[in-house]
Amino acid sequence: MKKLVKGMLMATMIGALSFGAGVNVNAKKPVKDSSDKQVVTQQKEKKQKKIKLSKVTCTASGKLNISFKEKVNYADTLNIVLTDEAGTEIPCTISKKKKSSMTIAVKGLVKGQSYQLSISGLVSQKTNEAVTVEQTFKAKGIKTACKAEKVSVSKANNVSLKLKGSACYKDAVVEVKDENGTVYEAKIVKKAKGSIKIAVEGLEKGKKYKVTISGIKTKKEKNYSSITTSFKAK
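Please read all numbers here as calculations on a predicted model, not as lab measurements. (Residues numbered from 1 in each chain as written. Predicted model: local features only at pLDDT ≥ 70, side-chain atom pairs only at ≥ 80, totals over all residues. Heavy atoms only, no water.)

### A closer look at the nonpolar core
Soluble globular proteins: nonpolar side chains tend toward being buried together. Leu64, Leu82, Leu117 and Leu122 are the most contacted members of the largest nonpolar core, which totals 28 residues. Of all elements in the fold, only strand S1 (53-58), strand S2 (63-68), strand S3 (72-84), strand S5 (101-106), strand S6 (114-124) and strand S7 (130-138) reach the threshold of two or more residues within this core. Once you skip the residues sitting within four places of it in the chain, Leu82 turns out to touch Leu64, Thr88, Glu89, Ile90, Cys92, Val106, Leu109, Tyr115, Gln116, Leu117 and Phe137. Listed in part, the 22 residues of the second largest apolar core include Val174, Val176, Ile196 and Ala233. (Core = buried A, V, L, I, M, F, W, Y, C linked by side-chain atoms within 4.5 Å. Buried < 20%, exposed > 50% of the residue type's maximum accessible area, 1.4 Å probe, protein only. Helix = DSSP H or I, 4+ residues; strand = E, 2+ residues; numbered from the N terminus. Contact = heavy atoms within 4.5 Å.)

Have a look at this one:
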């Protein structure tokens, strides 16, 4: 009986050893395909290659000055497209090109309004690849020679501004504020080359106000700016 039990134990141990022999405890875990990491890395590199604009400013004389964050070259396919908020394309031409900046000749821009700029054919000096850069910007930096020489206020709260120089208008709007920054309801009721008339609601006698007219320029200027002056209600 003892021999039988001993034999059974030996058989069980031999079977267990035989089963374990087929398992490689030192086998390495499956390695994930590195192609996914390579794709992610390539995508990051593409994003890093994008040329960025550092500054966009406008002038009343018809210049759109663009500065790049890195030095660039220009491909033969260089092209620029400028559109307003409604998607209407605005005629423009490249007047000057430098390694870190570009100047565009354009007219009809209005200070404070937004525009979409698209430049294709820019070549990064780091990668030597031609890319297209798109950016939305607000027209700023436009200064006009048009000034308000005299302001008169009627009892009916009509404010008239006598202007220096021959004024032209585009999408002209008015804003009237008191000294605390409160905005008053106002509208332009008459526009002329030498003057502009505004109707304002709620003016208080003896109180000072500031009026700003946007979308105005002189005849010689190409882009539209704004003028600001102060007055006292009567």
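Next comes the rest of the description.
### Description of the confidence of the model for the protein chain
Mean pLDDT over the protein chain stands at 83; residues scoring 70 or higher make up 79%. Counting interchain partners and residues more than four positions distant, the pLDDT-below-50 stretch residues 16-23 has zero contacts. Counted against residues more than four places away or in other chains, residues 39-48, with its pLDDT under 50, gives zero contacts. (pLDDT = per-residue confidence, 0-100.)

### A look at the packing of aromatic side chains
Given two aromatic rings, one states the distance between the centres and the angle between the planes to describe the pair. All told, the structure shown has three aromatic pairs when counted by the stated rule. Ring plane angle 90° and centroid distance 5.3 Å describe the contact between Tyr184 and Tyr209, whose orientation is recorded as edge-to-face. On the criterion of sequence distance, the pair formed by Tyr184 in strand S11 (residues 183-184) and Tyr209 in strand S14 (residues 208-218) is long-range, its members being 25 residues apart. The exposure classification of Tyr184 matches that of Tyr209, with both residues buried. By the ring-pair criterion, three or more aromatic residues cluster together here, those being Tyr184, Tyr209 and Phe231. Between the NZ or CZ atom of Lys97 and the centre of the ring of Tyr74, over which it lies, the distance is 5.3 Å. Its guanidinium or amino end placed over the ring of Tyr224, Lys217 lies 5.3 Å from that ring's centre, counting from NZ or CZ. (Phe/Tyr/Trp six-rings, centres within 6.5 Å; stacked < 30°, edge-to-face > 60°. Lys NZ or Arg CZ within 6 Å of the ring centre and 35° of its normal.)

### Concerning the sheet that holds strand S8 (residues 147-153)
Judged by pairing direction, the sheet is antiparallel, and its four strands sit side by side in the order S8-S9-S13-S12 without closing on themselves. Unpaired on one side and paired on the other, S8 and strand S12 (186-191) mark the two borders of the sheet. For this sheet, the mean inter-axis angle between neighbouring strands, taken without regard to orientation, is 25°. Alignment of S8 against strand S9 (residues 158-164), held across six bridges, turns out to be antiparallel. The residue of S9 that forms the bridge with Val153 is Val159. (Pairing = 2+ DSSP bridges. Axes fitted to C-alpha atoms, helices over the stretch in contact; angles between N-to-C directions.)

### Remarks on the sheet that holds S11
One open sheet accounts for four strands, arranged S11-S10-S14-S15; its pairing is antiparallel. The two strands at the open ends of the sheet, each matched to only one other strand, are S11 and strand S15 (225-232).

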